[in-house]
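Residues per chain are reported as follows:
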Amino acid sequence: MGVIELVLNKKKNKGFTLVELIVACAVLALLITAVVTMMGHESVILKKNEADISVQNSAQETYNEISDIMMQATKIRIVGYVTKDGSDIVFPKKTVGDKYGATDNLNLLAFTKKGQEKSSDDKNFEDSGVKMPGDSEATEEVYLKTVGDSDSQYKKLYLTRIEVDYSVPYDSAFNNGVEVEAGTDKDVCSATIIFDANKIYITKTYKYMKLLDTTYSTSSSNEERDACLYTSKLNYLKDGARTISAAIATVDTENQSISLELKFLDNKMTYNVSGITNVKNSYVFIDAK
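Residues numbered from 1 in each chain as written. Predicted model: local features only at pLDDT ≥ 70, side-chain atom pairs only at ≥ 80, totals over all residues. Heavy atoms only, no water.

**Looking at the overall build of the protein**
Link 1 in the chain: On a plain count of helices and strands, the protein comes out with 4 helices and 16 strands.
Link 2 in the chain: Here the protein holds 289 residues, and 37% of them are scored as buried.
Link 3 in the chain: At a minimum sequence separation of 6, the contacts of the protein that also span at least 24 residues come to 63%. (Helix = DSSP H or I, 4+ residues; strand = E, 2+ residues; numbered from the N terminus. Buried < 20%, exposed > 50% of the residue type's maximum accessible area, 1.4 Å probe, protein only. Contact = heavy atoms within 4.5 Å.)

**Some words on the environment of Asp 104**
Link 1 in the chain: The residue Asp 104 is located in the loop between β2 (98-99) and β3 (106-112) in this model.
Link 2 in the chain: Separated by 135 residues in the primary sequence, Asp 104 and Asp 239 have C-alpha atoms spaced 9.5 Å apart.

**A closer look at the packing of aromatic side chains**
Link 1 in the chain: All chains considered together, the criterion is met by 5 aromatic pairs.
Link 2 in the chain: Their ring planes at 45 degrees and their centres at 6.2 Å tell us that Phe 91 and Tyr 158 sit as a pair that is tilted. In this pair, Phe 91 is assigned in the loop between β1 (73-83) and β2 and Tyr 158 in strand β8 (residues 157-169), connecting sequence segments 67 residues apart. When sorted by exposure, Phe 91 lands in the same class as Tyr 158, which is buried.
Link 3 in the chain: Judged by centre distance (5.1 Å) and plane angle (55 degrees), the ring pair of Tyr 201 and Tyr 216 falls under tilted. Here Tyr 201 is found in strand β10 (residues 199-206), whereas its partner Tyr 216 is found in the loop between β10 and α4 (222-226), with 15 residues between them in sequence. Taken individually, Tyr 201 and Tyr 216 each receive the classification buried, so the pair is uniform in this respect.
Link 4 in the chain: Taken together, Phe 111, Phe 125 and Phe 285 form an aromatic cluster joined through their ring pairs. (Phe/Tyr/Trp six-rings, centres within 6.5 Å; stacked < 30°, edge-to-face > 60°.)

**Some thoughts on unusual backbone geometry**
With glycine set apart, most residues show a phi of negative sign, and most peptide bonds adopt trans.
Link 1 in the chain: Residue Ala 197 is not a glycine yet carries a positive backbone phi of 55 degrees.
Link 2 in the chain: Within the secondary structure, Ala 197 sits in the loop between β9 (186-196) and β10.
Link 3 in the chain: Phi at Tyr 283 takes a positive value of approximately 60 degrees, unusual for a residue other than glycine.
Link 4 in the chain: On the secondary structure map, Tyr 283 appears in the segment after β16 (269-278).

**Quick look at the nonpolar core**
Link 1 in the chain: Ile 66, Ile 76, Ile 78, Leu 159, Ile 162, Phe 195 and Leu 262 are the most contacted members of the largest nonpolar core, which has 43 residues in total.
Link 2 in the chain: Of all hydrophobic cores here, the second largest spans 10 residues; its members include Phe 91, Tyr 100, Tyr 158 and Ile 248. (Core = buried A, V, L, I, M, F, W, Y, C linked by side-chain atoms within 4.5 Å.)

**A closer look at the sheet that holds strand β6 (residues 145-146)**
Link 1 in the chain: Strand order across the open sheet formed by 3 strands is β5-β6-β7, with mixed pairing between neighbours. Strands with a single pairing partner mark the edges of an open sheet, and in this sheet they are β5 (130-131) and β7 (153-154).
Link 2 in the chain: Inspection of the sheet shows β6 paired to β7 by 2 bridges, in the antiparallel sense. By the bridge assignment, Lys 145 is partnered in β7 with Tyr 154. (Pairing = 2+ DSSP bridges.)

**Topic: the side chain of Ser 67**
Link 1 in the chain: Residue placement: Ser 67 occurs in helix α2 (residues 18-71).
Link 2 in the chain: Taking the relative accessible area as the measure of exposure, Ser 67 reaches 9% and is therefore buried.

**Considering the sheet that holds β2**
Link 1 in the chain: One open sheet holds the 3 strands; their spatial order is β2-β12-β13, and the pairing between them is mixed. The two strands at the open ends of the sheet, each matched to only one other strand, are β2 and β13 (242-245).
Link 2 in the chain: Of the pairings in the sheet, the one linking strand β12 (residues 236-239) to β13 comprises 4 bridges and is antiparallel in character. Of the residues in β13, the one forming a bridge with Leu 237 is Ile 244.

**Describing the pairing of β10**
Link 1 in the chain: Burial analysis of β10 places 6 of its 8 residues in the buried class, which makes it a mostly covered element.
Link 2 in the chain: The sheet contact formed by β9 and β10 spans 8 bridges and is antiparallel. By the bridge assignment for β10, Ile 194 is matched with Tyr 201.
Link 3 in the chain: Linking β9 to β10, which pair antiparallel, is a turn of 2 residues; within it Ala 197 sits at a positive phi near 55 degrees.
Link 4 in the chain: The pairing of β10 with strand β11 (residues 229-231) spans 2 bridges and is antiparallel. Residue pairing across strands places Ile 200 opposite Thr 231, the latter belonging to β11.

**Some points on the pattern of salt bridges**
Link 1 in the chain: Scanning all chains against the criterion turns up 14 salt bridges.
Link 2 in the chain: As a salt-bridge pair, Arg 77 and Asp 122 come within 2.8 Å of each other at their nearest N and O atoms. Of the two residues, Arg 77 sits in strand β1 while Asp 122 sits in the loop between β3 and β4 (123-124), which places them 45 residues apart along the sequence. Both residues of the pair, Arg 77 and Asp 122, count as buried.
Link 3 in the chain: The partner of Glu 163 in a salt bridge is Arg 77, and the shortest N-O contact between them spans 3.1 Å. Taken together, the positions of Glu 163 in strand β8 and Arg 77 in strand β1 put the pair 86 residues apart, joining distant regions of the chain. In this pair, the class of Glu 163 matches that of Arg 77, namely buried.
Link 4 in the chain: Three or more residues joined by partner-sharing salt bridges are found here, namely Arg 77, Lys 118, Asp 122, Arg 161 and Glu 163. (Salt bridge = Lys/Arg side-chain N within 4 Å of Asp/Glu carboxyl O.)

What follows is the structure in structure tokens.
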């Protein structure tokens, strides 16, 4: 065996030195750290995207349900706050439940069709729908729409509730003993859309199909309340003991339409959904002249 072959065999059997092992371990640790960091970053992005999609889906589904109910209305009552000075309320962009700084600037008003007022405080759409030029006798805040020389201006209602009656097909399978006239093919659903801070509840009670009722009271269980809950991601402000939900409506009584905007905020992700709902049935807001 030659000298060169002996040297080569010696190198083959030599193995790694301690320094080489330390360097190899350090490089491996850096590679593992980089991979773990990358996976963690991707996980955060994935969770954020899932949260964003959840907010968007919740917003669109809730808006669609409210719009569908209002579109079918045969009777409607809208309750909400208006600002006395006509200013717009600015909702937070990062944290829900911020304080509203103009406590004395809000009036709570209810509007319904003339002759259907629930209380003496209710305004009706006929007398309060449109303020014409030169009409200065009534308080400005009463009018939902002002028509002047310039573009029309709508009064924004920051909603607390919408009460709607509408017709639905009658199915005797959901009647638990309520007496019904022969030949009845329609039932009446009374829906109440409740805007409570970051939550929107929708309750429904039927004249005949009582098995379909979904409602709750102050004594109801959490399960009963949750059955009526459509979203808990609505943006809102605090005004002392009151809350102002970011659900904004303008009402055009002449064209029987309601413009609705819902502002959502969840984990600093904002999403707004808006549109105009045209009520199908005639004379829901005002009677024919």
